[in-house]
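Residue-level structure breakdown
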Amino acid sequence: MSNKKDNLVEVRGLTFKFGSRIIFDGIDLDLQRGKVTAIMGPSGTGKTTLLRLIGGQVRPSGGAISVDGHEVARLTRRELFELRKRMGMLFQSGALLTDLSVFDNVAFPLREHSGLPEAMVRDLVLMKLEAVGLRGAQRLMPSELSGGMARRVALARAIALDPMMIMYDEPFTGQDPISMGVLVKLIRDLNEVLGLTSIIVSHDVAETAAIADYIYVLSQGKVVGEGTPDELHHANSEWVRQFMQGMPDGPVPFHYPAADYAQELLSREGRR
Amino acid sequence: MSFFQQLGHHALAAFQRLGRANLFLWTVLVGVPGLLFRLRLLIQQLFAVGVLSLVIIVVAGLFVGMVLGLQGYYTLVDFGAEESLGVMVALSLVRELGPVVAALLFAGRAGSALTAEIGLMKTTEQLSGMEMMAVDPLKRVIAPRFVAGVLSMPLLAAIFSAVGVMGGYVAGVTLLGVDEGAFWSQMQGRVDFHEDIMNGVIKSVVFGVVVTWIALFEGYDAVPTSEGVSRATTRTVVYASLAVLGLDFVLTALMFGEV
Ligand SMILES: Nc1ncnc2c1ncn2[C@@H]1O[C@H](COP(=O)(O)OP(=O)(O)O)[C@@H](O)[C@H]1O
Ligand SMILES: [Mg+2]
């Protein structure tokens, strides 16, 4: 495997803090061009924050992130915006503009950036909507869409400018089984057909393992496991196995740290 | 934390916020010239911010004018000066009540709506989404709303004053029988364009800037949760109203002080 050079995104020694709270404590990630890489971890580990760091919306406290050879934190605002035109991001909520129709949402980045004549914008929008199977929904407003449809519209919008990569923030959370299946297929297909590089951030183990080429597992600011889905299922680390197989108790305890149960029930001071 | 630590903490937080608010205003102002090429965005916001505030401004202006007519009459008639009612109504409105009451209503109607809208856009990641699409929300979303607010406020205040004068007329002339000719001619003679009307306009421009600024900043700076947005909306109305009343005193002292 000599494709070590072909990383679209490289994260080196990344540290990040919110105030005094350490979210990342020196993590290294390589995201290969053309692959689907998943970043998994329990809620609150900082997965969304990681995507924001890659997109340059927040700056690392230490370490470096490079995207397509550019170190994100060093770019000027203008360069950053140029880079972002080549990155699509699918937010957890879809983040559709609520005052614009489905069509106008997908047209939004094209109208803002491409300077194409309206007739061509229309053709492109219809093509993107067709790709996610929602050409028929073009006149609906975001409030009229189901959660799964909203995410597909957001996906159509994310690919409107033909980016080199797409970042998905929890694409499967809260989806019914059918939308889930649709999204899994879409993400995989788009990655192949458009030659994208995909980054999926998720805690839905089964769906993510089904489409990811490589998985990083994060916990408490560190990479605790990495490998292909198969490798992770048989990982040595008990913690990774607990996470991948979704067991309620294990190295990650079921209970939030608390005082002794019996003592607390019996103590008088705790009562009001 | 000790009391002093907390005090210092709050003070620092307040100053940080003030700094952010100033940076915010500056960045928005930088984005304003670009709007010349995107007039459609501005027109949409003029509608949302200005036109939709019209009803409350007109209704309130009418009632305030009528009350001024009644109260002014009862006071003036004791001195046999009820013919000056027109002047009194017009000056009160143009100098003070027009700009101030219109700004208070504007803060409640348009300001709270702006804060809630921007706050919700932040909560639902629409602003982040725009940034990731390489679109600057300060230019695309905030700047048009800011300009719309600043342009609407003096117009709304003028409409408020005009309708208020009509209200004063209805109460004074139609209901209480003040001489119509005196009502209008004294008003025409004594209301000065520079002294009174322009000063009122300046006030309402200042109020427009301040109210819109507070409303947009509170929305943009809101904690992105439903609770955060509702708090921000409340803060907008409280801060904007207090700012209007405080600034009115300062401006009045500056404008009408020496003469
Ligand atoms: N703006 C912020 N200020 C302070 N803490 C934050 C902020 N945003 C997120 N956090 C904290 O950082 C942690 C990581 O957040 P996030 O990246 O959203 O996690 P995930 O997406 O993995 O659930 C969370 O525990 C959250 O409480
Ligand atoms: Mg998240």
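The structure presented is a predicted model; accordingly, all values stated were derived computationally and were not measured. (Residues numbered from 1 in each chain as written. Chains lettered and ligands numbered in written order. Predicted model: local features only at pLDDT ≥ 70, side-chain atom pairs only at ≥ 80, totals over all residues. Heavy atoms only, no water.)

1. Some details on the overall build of chain B
- Along its length, chain B carries nine helices and zero strands.
- Of the regular secondary structure in chain B, the N- to C-terminal order runs α-α-α-α-α-α-α-α-α.
- Principal-axis analysis of the C-alpha atoms gives chain B an extent of 65 × 50 × 35 Å.
- By the burial criterion, 47% of the 259 residues in chain B qualify as buried. (Helix = DSSP H or I, 4+ residues; strand = E, 2+ residues; numbered from the N terminus. Buried < 20%, exposed > 50% of the residue type's maximum accessible area, 1.4 Å probe, protein only.)

2. Topic: a nonpolar patch on the surface
- A contiguous nonpolar patch, built from B:F193, B:I197, B:M198, B:V201 and B:V205 and spanning about 360 Å² of accessible area, is present on the exposed surface.
- With respect to the helices and strands, B:V205 occurs in helix α8 (residues 193–220). (Patch = residues over 30% accessible without salt bridge, like charges linked within 9 Å, V, L, I, M, F, W, Y side chains within 5 Å. Areas by Shrake-Rupley, 256 points an atom, 1.4 Å probe, with all protein chains shown as cover. Salt bridge = Lys/Arg side-chain N within 4 Å of Asp/Glu carboxyl O.)

3. A word on the interface of chain B and chain A
- Each side of the interface is counted separately: chain B has 15 residues, and chain A has 22 residues.
- Of the roughly 1700 Å² buried where chain B meets chain A, counting both sides, 56% is carbon and sulfur surface.
- Put simply, chain B and chain A have four salt bridges between them.
- Note that B:R140 and A:E112 form a salt bridge whose closest N and O atoms lie 2.8 Å from each other.
- The element that contributes the greatest number of residues to the side of chain B that touches chain A is helix α5 (residues 126–132) of chain B, accounting for six residues.
- Split into classes, the residues belonging to the side of chain B that touches chain A amount to six nonpolar, four polar and five charged. (Contact = heavy atoms within 4.5 Å. Buried area = accessible area lost by both parts, 1.4 Å probe. Nonpolar A, V, L, I, M, F, W, Y, C, P; charged D, E, K, R; others polar.)

4. Brief notes about the confidence of the model for chain A
- For chain A, the mean per-residue pLDDT works out to 86, and 94% of the residues sit at or above 70.
- In the model of chain A, helix α9 (residues 238–245) of chain A stands out as the element of lowest mean pLDDT, 75, in contrast to helix α3 (residues 102–113) of chain A, which has the highest, 93. (pLDDT = per-residue confidence, 0-100.)

5. Focus: the sheet that holds strand β5 (residues 70–71) of chain A
Residue and element names in this part refer to chain A.
- Strand order in the open sheet made by the four strands is β2-β1-β4-β5, with antiparallel pairing throughout. Looking along the sheet, the strands with just one partner apiece sit at the ends: β2 (21–32) and β5.
- Where strand β4 (residues 62–67) and β5 come together, two bridges link them in antiparallel fashion. Looking at β5, one finds that S66 is bridged to E71. (Pairing = 2+ DSSP bridges.)

6. Digging into helix α2 (residues 77–84) of chain A
- For α2(A), the full list of buried residues reads A:L80, A:F81, A:L83 and A:R84. The buried residues of α2(A) all sit within an arc of 160° when viewed along its axis, so they share a single face.
- Buried residues belonging to α2(A) abut β4, β5 and β6 (87–90) of chain A together with α5 of chain B. (Arc of directions from axis to C-beta.)

7. Some remarks on the site of ligand 1
All names here are of chain A.
- Around ligand 1, the structure places F18, R21, I23, S43, G44, T45, G46, K47, T48 and T49.
- In the model, an oxygen atom of ligand 1 is placed 3.3 Å from a nitrogen or oxygen of the T45 main chain.
- One of the backbone nitrogen or oxygen atoms of G46 is found 3.0 Å away from an oxygen atom of ligand 1.
- When the free accessible area of ligand 1 is taken as 560 Å², the share hidden by the protein chains comes to 58%. (Near = heavy atom within 4 Å. Polar contact = N/O pair within 3.5 Å; in protein donor to acceptor, adjacent residues only side chain to side chain.)

8. Points about the sheet that holds β6(A)
Residues and elements named next belong to chain A.
- Taking strand neighbours across the sheet as the criterion, the six strands line up as β6-β7-β8-β3-β9-β10 in an open arrangement whose pairing is mixed. Lying at the two open borders of the sheet, with one neighbouring strand each, are β6 and β10 (222–227). Averaged over all pairs of adjacent strands, the angle between their axes in this sheet comes to 15°, without regard to strand direction.
- Here five bridges tie strand β3 (residues 36–40) to strand β8 (residues 197–202), and the two strands are oriented parallel to one another. Pairing of I39 across the sheet is with V201, part of β8.
- Of the strands in this sheet, β6 and β7 (165–169) are in contact with helix α5 (residues 147–158), which crosses β6 at around 170°.
- Against the sheet, helix α6 (residues 177–193) engages β3, β7 and β8, with an angle of about 160° to β8. (Axes fitted to C-alpha atoms, helices over the stretch in contact; angles between N-to-C directions.)

9. A word on the pattern of salt bridges
- Enumeration according to the criterion identifies 30 salt bridges over all chains in this entry.
- With a closest N to O distance of 3.0 Å, A:D6 and A:R33 form a salt bridge. Linking A:D6 in the segment before β1 (7–18) with A:R33 in the loop between β2 and β3, this pair joins segments that are 27 residues apart in sequence.
- Judged by its relative accessible area of 36%, A:D6 falls in the partly exposed class.
- The class for A:R33 is partly exposed, based on a relative accessible area of 37%.
- Among the salt bridges present, the one from B:E125 reaches A:R52, with a minimum N-O distance of 3.6 Å. Highlighted residues: B:E125 in the loop between α4 (85–123) and α5 and A:R52 in helix α1 (residues 47–54), drawn from two different chains. Of the two residues, B:E125 and A:R52, neither departs from the other in class, the shared state being buried.
- Counted as one network, the salt bridges with shared partners bring together B:R17, B:R20, B:E218, B:D221 and B:R235.

10. Some details on α1(A)
- Counting buried positions along α1(A) gives seven out of eight residues, so the element sits mostly inside the fold.
- Downstream of α1(A) by a residue or two, A:G56 has a phi angle that is positive, lying close to 75°.

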